[in-house]
Amino acid sequence: MKMGIAVLALAGLGAAPAAAADDAAQSRIERGKYLVLTSGCADCHTAHKLGPNGPQPDETMAYAGHPESMVLPPAPKLPPGPWLFTGTGTMTAWSGPWGTSFSANLTPDKETGIGTWTEENFVQALRTGRHMGKGRPILPPMPLLPLSHATDDHIEDMYAYFMSLTPIKNKVPAPLPPAQ
Amino acid sequence: MCLGAALSAGGAADRAAPVTLAATGLTGDDGPGLSRYAPVYPLWTDGAAKRRWVSLPAGATIDASRPGAWVFPAGTRFWKEFAFGGRKVETRYMEKRADGTWLYAAYVWNEAQTEATLAPARGLRDHADAGEGVRHDIPGVADCAVCHEAAGRDAVLGFGAVQLAPERDPLAPHAEPFEPGMLDLAGLVAAGRLSPAPADGGASARITARSPRERAALGYLHANCGTCHHPDDEAASAGLWLRVAPGEAAGSHAALRTAPGRPAGSPVEGVPGGAGLRIAAGDPGHSALVQRMESRHPLRQMPPLGSERVDREAVALIRAWIAEDLPAVHD
């Protein structure tokens, strides 16, 4: 009996740090969710549908980026003047002097989202303004300037939240250069 | 360590970086404890003429336990000077701190070519004429980190076993002469600066390939592409691995396993009929790798930064390798 109590006590000692780690991870996810919601990431990274109250996020595509099924015609060419860029009603595709950009899939799908990204890849992307922190420039309208003021901890919390989401398989097109 | 931490530290170091190049220890063309070196396969920077120096702390050794990923002792310093049209434009500086992070700084040369002073942390766009209508950018601290900071290795590029192999490659694009007094692998071994020292004295650092042209092609890809395209960062490299590991046998290089015949990951500019292949043996015009090298559109070009002019000499080398050498071994 004493042996049994001792074993239980040891098991309890082992469980406490694990539980604390789970709590810490959950706290990071919760902080990340708060930051993602208040930073407006869903404005572009969740496709919108027009409803009775105007554009509404399609929660079945939460943070999955521009819908793969939505193949777009070439962006309209704007006449000279103050109008500079155009966007789709989904708010996931934008065209301007930089070309045409499509919002990325931020769910942890390994093939089409950020499932293979490391935390370092994610932080690096926001710090450098480059895809995965190394590749092509991340294009407008991504709000890189305000995000440059975020701390590493906060960006890592946002990463933790995105990685906690249900993966959605949705292959977003590569950006297009400006029409010649 | 997360890159963000490195960048934050880099920011702090930027404030602490010396205000003048001379204060870093490089005065004129030399300085106490400095050695010049020239990699076998130079990185293309729009035709810039480069000079490089290294300073290792007295008595310290480079950890060469992983022959392809040396770890440098704290206090190590590197300088690289960039010149266009015979005029010095900038000198970049790296210093390894005691905590293992690196300080990055760029120093801009004055009109009189007498002094270089610290560039702004965000760099200077379009700072100098690089020829062919292109202006040279002085990189910001974050730009430095894009290439230098990566998982699984120290931050130094261009100063490793392959790049310091004692036997030069006569077909290497833009090869720089090895001058008397320069440091190479043999010199490092002789000075007892590598731990452990390579058993063969460094002879196996020479790229072994199936043809002289393939050797030069692999070396060029190693220097210009392998910084990101390596297996330590599987996601960012997209599974295309172009870094050469010292001692690899001819025909066994990662580039040969991950490029020829493998589908390209994204649409390739100018290639009809879909995505195309990373390398189509015998057909450079339908090889994504060539298309990317020949593009300087920001969304397509490779490398994605650090160059605004196509490296025509290298493109000719890679095209010839794909057209004439690869068909012999790839269906």
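Visitor: What is the right way to read the overall build of chain A from this model?
Guide: Helix and strand counts for chain A stand at five helices and five strands. Beginning at the N terminus, the succession of helices and strands in chain A can be written as α-α-β-β-β-β-β-α-α-α. For chain A, the C-alpha radius of gyration of 21 Å lies well beyond 16 Å, the compact-globule estimate for 180 residues. Dimensions of chain A, computed from the C-alpha atoms along their principal axes, are close to 85 × 35 × 30 Å. Each of the 180 residues in chain A was classed as buried or not, and the buried ones make up 31%.

Visitor: So what exactly am I meant to see when it comes to the packing of helix 3 (residues 119–128) of chain A against helix 5 (residues 152–164) of chain A here?
Guide: The geometry of a pair of packed helices is captured by two quantities: the angle between their axes and the separation between those axes. Residues and elements named next belong to chain A. Viewed as axis vectors pointing N to C, helix 3 and helix 5 meet at an angle of 120°, and their least axial separation amounts to 10 Å. Considering their axes alone, helix 3 and helix 5 lie oblique with respect to each other. Handedness of the helix 3/helix 5 crossing: right-handed. Touching E119, F122, V123 and L126 of helix 3 are D152, I155, E156 and Y159, all from helix 5. Tallied by class, residues from the contact of helix 3 with helix 5 come to five nonpolar, no polar and three charged.

Visitor: Just checking my understanding: could you explain the packing of helix 4 (residues 212–224) of chain B against helix 8 (residues 312–325) of chain B for this structure?
Guide: Residue and element names in this part refer to chain B. Running from N to C, helix 4 and helix 8 cross one another at 130°; their axes reach a closest spacing of 10 Å. Relative to helix 8, helix 4 is oriented oblique. Crossing handedness for the pair helix 4 and helix 8: left-handed. Contact residues: helix 4 offers R213, E214, A216, A217 and Y220, while helix 8 offers A314, L317, I318, A320, W321 and D325. Here the residues of the contact of helix 4 with helix 8 sort into eight nonpolar, no polar and three charged.

Visitor: Explanation requested: the sheet that holds strand 5 (residues 87–96) of chain B in the structure shown.
Guide: Hydrogen bonds along the backbone pair up the strands of a sheet, which may run parallel or antiparallel. Residues and elements named next belong to chain B. Taken in spatial order, the six strands line up as 1-2-4-5-6-7 in an open sheet, and their pairing is antiparallel. Only two strands of the sheet have a single partner each, and these edge strands are strand 1 (35–37) and strand 7 (116–118). Put simply, the sheet's adjacent strands are angled 25° from each other on average, direction ignored. As paired elements, strand 6 (residues 102–109) and strand 7 share three bridges and run antiparallel to each other. Directly across from V108, in strand 7, lies its bridge partner T117.

Visitor: Sorry if this is basic, but what is going on with the environment of T24(B) here?
Guide: All names here are of chain B. The topology assignment puts T24 in the loop between helix 1 (3–16) and strand 1. For T24, a count of 23 C-beta atoms within 10 Å translates into the label buried. Taking the C-alpha atoms as reference points, T24 and M94, 70 residues apart in sequence, are found 9.6 Å from one another. Residues within four places of T24 in sequence aside, it is in contact with P18, R77 and Y93.

Visitor: Which parts of the structure should I look at to understand the domain arrangement of chain B?
Guide: Where the parts come together, the accessible area they lose is often given as the size of the interface. Residues and elements named next belong to chain B. You can read the domains of chain B as domain 1 (3–204) and domain 2 (207–328). The gap between the C-alpha centroids of domain 1 and domain 2 is 24 Å. Contact with domain 1, which involves 32 residues of that partner, is made by 26 residues of domain 2. Each residue belonging to the side of domain 1 that touches domain 2 can be placed in one class, and the counts come to 19 nonpolar, eight polar and five charged.

Visitor: Any chance you could explain the pairing of strand 9 (residues 135–138) of chain B here in plain terms?
Guide: Side-chain positions along a regular strand alternate between the two faces of the sheet. Residue and element names in this part refer to chain B. Side chains H136 and I138 of strand 9 all project onto a buried face; the interleaved residues R135 and D137 project onto a face where none is buried. In terms of strand pairing, strand 8 (residues 124–129) meets strand 9 through three bridges, oriented antiparallel. Bridging from a neighbouring strand, D129 pairs with R135 of strand 9. Hairpin connection, strand 8 to strand 9: the antiparallel pair is bridged by five residues, and G131 has positive phi, about 85°.

Visitor: Where do I start with the interface of chain B and chain A in this structure?
Guide: Between chain B and chain A, the residue contacts involve 20 residues of the former and 23 residues of the latter. Of all the secondary-structure elements, those providing two or more residues to the side of chain B that touches chain A are helix 1, helix 2 (141–148) and helix 5 (234–237) of chain B. Top contributing element to the side of chain B that touches chain A by residue count: helix 1 of chain B, with five residues. Across the side of chain B that touches chain A, the residue classes tally to 15 nonpolar, four polar and one charged.

The rules behind the values
Residues numbered from 1 in each chain as written. Chains lettered and ligands numbered in written order. Predicted model: local features only at pLDDT ≥ 70, side-chain atom pairs only at ≥ 80, totals over all residues. Helix = DSSP H or I, 4+ residues; strand = E, 2+ residues; numbered from the N terminus. Rg over C-alpha atoms; globule rule 2.2 N^0.38 Å. Buried ≥ 20, exposed ≤ 12 C-beta atoms within 10 Å, placed from the backbone. Axes fitted to C-alpha atoms, helices over the stretch in contact; angles between N-to-C directions. Parallel < 35°, antiparallel > 145°, perpendicular 65-115°, else oblique. Left-handed = near helix turned anticlockwise from the far one by under 90°. Contact = placed C-beta atoms within 7 Å. Nonpolar A, V, L, I, M, F, W, Y, C, P; charged D, E, K, R; others polar. Pairing = 2+ DSSP bridges. Domains from an automatic or database assignment.

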